[in-house]
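So the chains spell out like this:
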Amino acid sequence: MKVNKTLGIFLVVHFIIWSVLPIILRPNLPMDSAEALIWGFIGEWGTNKHPPVSGFFANLIYQLTSHPSSLYILSQLFIIGGFIYIYKIARLFLPENKSLIATLILEGVAYYNMVTPEYNVNIIALMLWPAATYHFYLSINKNKLSDWVAFGLFCGLNILTKYVSGVLLICFACYLLFTRKGRGCFKSWKFYIGGTIAFITIIPHLIWLHNH
């Protein structure tokens, strides 16, 4: 789907404001960001608070940049990804102008502006939840392998980010079980490919949970 030009400009401006300003004004990382970075250094498949994905991403960008403040950039990459997926979801139901408005007004919500410099599991979820939802809708209605694969991957990453994402997965499961269109997915081998990918994604964490 082609991204609206106005949306593209908005994303660039948002990225510059909420990544550059914190780098200049707050050289010391917020507590959650520093915590995620330490988790990434340790490299365990779990912590006493959350699954491991936030630490893995934090360590990855640190290894690429060698600077802790790069976590401000990482945070905005997830926020921008969330904006894009919300726009794509809106376009499934609304004309372009209304989809754009539905996306832009989120900038007025604190969780999409002032809170975003503090990289943590909630920032990642702002992208992963709409991403999983978007590909679930496409999988149900178009039954394309690429969407089932993406859906399975995003479901797995959601679980590896924060356990509360299980609420979203329960909603998906309820639709699959209690609607005619949802139950029809069980007849498609593509559905099982997506499920297998989700399960493979979380296996290392399940082993870690068992051992701890």
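Let us look at the structure shown here. In this text the structure is predicted, and so the values were computed from the model without any measurement.

Procedures and definitions
Each residue is numbered by its place in its chain's sequence as written, counting from 1. With pLDDT at 70 or above as the cut-off, local features in this predicted model cover only qualifying residues; side-chain atom pairs require 80 or more to be listed or tallied, and sums for whole chains, interfaces and linings still use all residues. Only heavy atoms go into the side-chain values, all of them from the structure, while hydrogens and water stay out. As a rule, the C-alpha atoms of each element are fitted with a line to give its axis, helices using only the stretch in contact, and angles between N-to-C directions run from 0 to 180 degrees. Counting from the N terminus, the helices are the DSSP runs of H or I reaching at least four residues and the strands are the DSSP runs of E reaching at least two. In what follows, roughly perpendicular refers to angles from 65 to 115 degrees, roughly parallel to angles under 35, roughly antiparallel to angles over 145, and oblique to any angle outside these ranges. Left-handed is the label given to a crossing in which the near helix is rotated counterclockwise from the far helix by less than a right angle, and right-handed is the label when the rotation is clockwise. Should any heavy atoms of two residues lie within 4.5 Å, those residues are considered in contact. Basically, the charged four are Asp, Glu, Lys and Arg, the nonpolar ten are Ala, Val, Leu, Ile, Met, Phe, Trp, Tyr, Cys and Pro, and anything else, Gly included, counts as polar. Only one rule defines a salt bridge in this text: a Lys or Arg side-chain nitrogen within 4 Å of an Asp or Glu carboxyl oxygen. Buried, partly exposed and exposed residues are distinguished by accessible area as a fraction of the type maximum, computed with a 1.4 Å probe on protein chains only: under 20%, between the cut-offs, and over 50%, respectively.

This part takes up the packing of helix H3 (residues 53–65) against helix H4 (residues 70–91). Running from N to C, H3 and H4 point in directions that differ by 125°, and their axes come no closer than 9 Å. Between H3 and H4, the crossing angle belongs to the class labelled oblique. Judged by the sense of rotation from one axis to the other, the crossing of H3 with H4 is right-handed. Counting all contacts with H3, which are made through Phe-57, Ala-58, Ile-61, Tyr-62 and Thr-65, the residues of H4 involved are Ser-70, Leu-71, Leu-74 and Phe-78. Considering only residue class, the contact of H3 with H4 consists of 7 nonpolar, 2 polar and no charged.

Time to look at the pattern of salt bridges. All chains considered together, the criterion is met by 1 salt bridge. For Glu-35, the salt bridge is made with Lys-49, and the minimal N-O distance between the two is 3.0 Å. Separated by 14 residues along the polypeptide, Glu-35 in helix H2 (residues 31–42) and Lys-49 in the loop between H2 and H3 bring together distant segments of the chain. For Glu-35, a relative accessible area of 25% gives the class partly exposed. By relative accessible area, which is 40% here, Lys-49 ends up partly exposed.

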